[in-house]
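# Examining the three-dimensional arrangement
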Amino acid sequence: MNLYYELKKLDAKQGTIRVILIQSGKKMKIATGQKIDIKDWGVGYPKIIGRNSNINLAIDKYKTAFNKYITNKNLANELPSLSTCKVFITSEVKNISTERGKKD
């Protein structure tokens, strides 16, 4: 199972970032809701420039959740599936986002 990012063009200047999960030739897409100028998109990832720092932080949450899912499945000695991976990643990213906004 692999994860990569894709830019879906909205118009000539801007696009939205999607997370693509692949397993045995099957794809599943997760919309991140992050919009970016096309000129700021690199090869498979946003360019590392100052104005993309918040976008990079936001989409790195998806990679972290994916790695956590794969680790959990390996430790449990189970086979990963696309549907459970998508549900896990979306819920994990929501949890990370809400925890970040909480005050102690």
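In short, a report on the structure. (Residues numbered from 1 in each chain as written. Predicted model: local features only at pLDDT ≥ 70, side-chain atom pairs only at ≥ 80, totals over all residues. Heavy atoms only, no water.)

### A word on the overall build of the protein
Basically, it comes down to this: Every helix listed is a DSSP run of H or I at least four residues long, and every strand listed is a run of E at least two residues long, numbered separately from the N terminus. Here's how the labels work: a residue is buried when its accessible area is under 20% of the maximum for its type, exposed when over 50%, partly exposed in between, all with a 1.4 Å probe on protein chains only.
When you go through the protein residue by residue, the secondary structure sums to two helices and three strands. The secondary structure elements of the protein, listed N-terminal to C-terminal, are β-β-β-α-α. Oriented by its inertia axes, the alpha-carbon framework of the protein measures out at about 45 × 45 × 20 Å. For the protein, the residues scored as buried account for 31% of the 104 residues in total.

### Comments concerning the side chain of Thr 16
Heads up, the rule is: Definition of a polar contact: a pair of N or O atoms within 3.5 Å, with one able to donate and the other able to accept a hydrogen when the atoms are protein atoms, and with sequence-neighbouring residues admitted only if both atoms are side-chain atoms. Between two residues, a contact is recorded if the distance between any of their heavy atoms is within 4.5 Å.
Summarising the element assignment, Thr 16 is placed in strand E2 (residues 14-23). Within the structure, Thr 16 has its side chain in polar contact with the backbone oxygen of Gln 34 (distance 3.3 Å). Apart from residues lying up to four places away in sequence, Thr 16 is in contact with Glu 6, Leu 7, Lys 8, Leu 10, Gly 33, Gln 34 and Lys 35.

### Details of helix H1 (residues 53-76)
For clarity, the threshold we go by: In this scheme, a helix's expected span is set at 1.5 Å multiplied by one less than its residue total.
Between its first and last C-alpha, H1 extends 35 Å over 24 residues, near the 34 Å set by a 1.5 Å rise per residue. Here H1 has its buried residues at Ile 55, Asn 56, Ala 58, Ile 59, Lys 61, Tyr 62, Ala 65, Phe 66, Tyr 69 and Lys 73.

### Some details on the nonpolar core
Put simply, the rule is: Definition of nonpolar core: a set of buried residues of the types Ala, Val, Leu, Ile, Met, Phe, Trp, Tyr and Cys, connected through side-chain atoms within 4.5 Å.
Within the largest apolar cluster, 19 residues are counted, with the highest numbers of intra-cluster contacts made by Leu 3, Tyr 5, Ile 17, Leu 21, Tyr 62 and Ile 89. Of all the secondary-structure elements, those providing two or more residues to this core are strand E1 (2-9), E2, strand E3 (26-37), H1 and helix H2 (82-101). By residue number, the principal contributor to this core is H1, which donates six residues. Apart from residues no more than four positions distant in its own chain, Ile 89 is found in contact with Leu 3, Leu 21, Ile 30, Tyr 62, Ala 65 and Phe 66.

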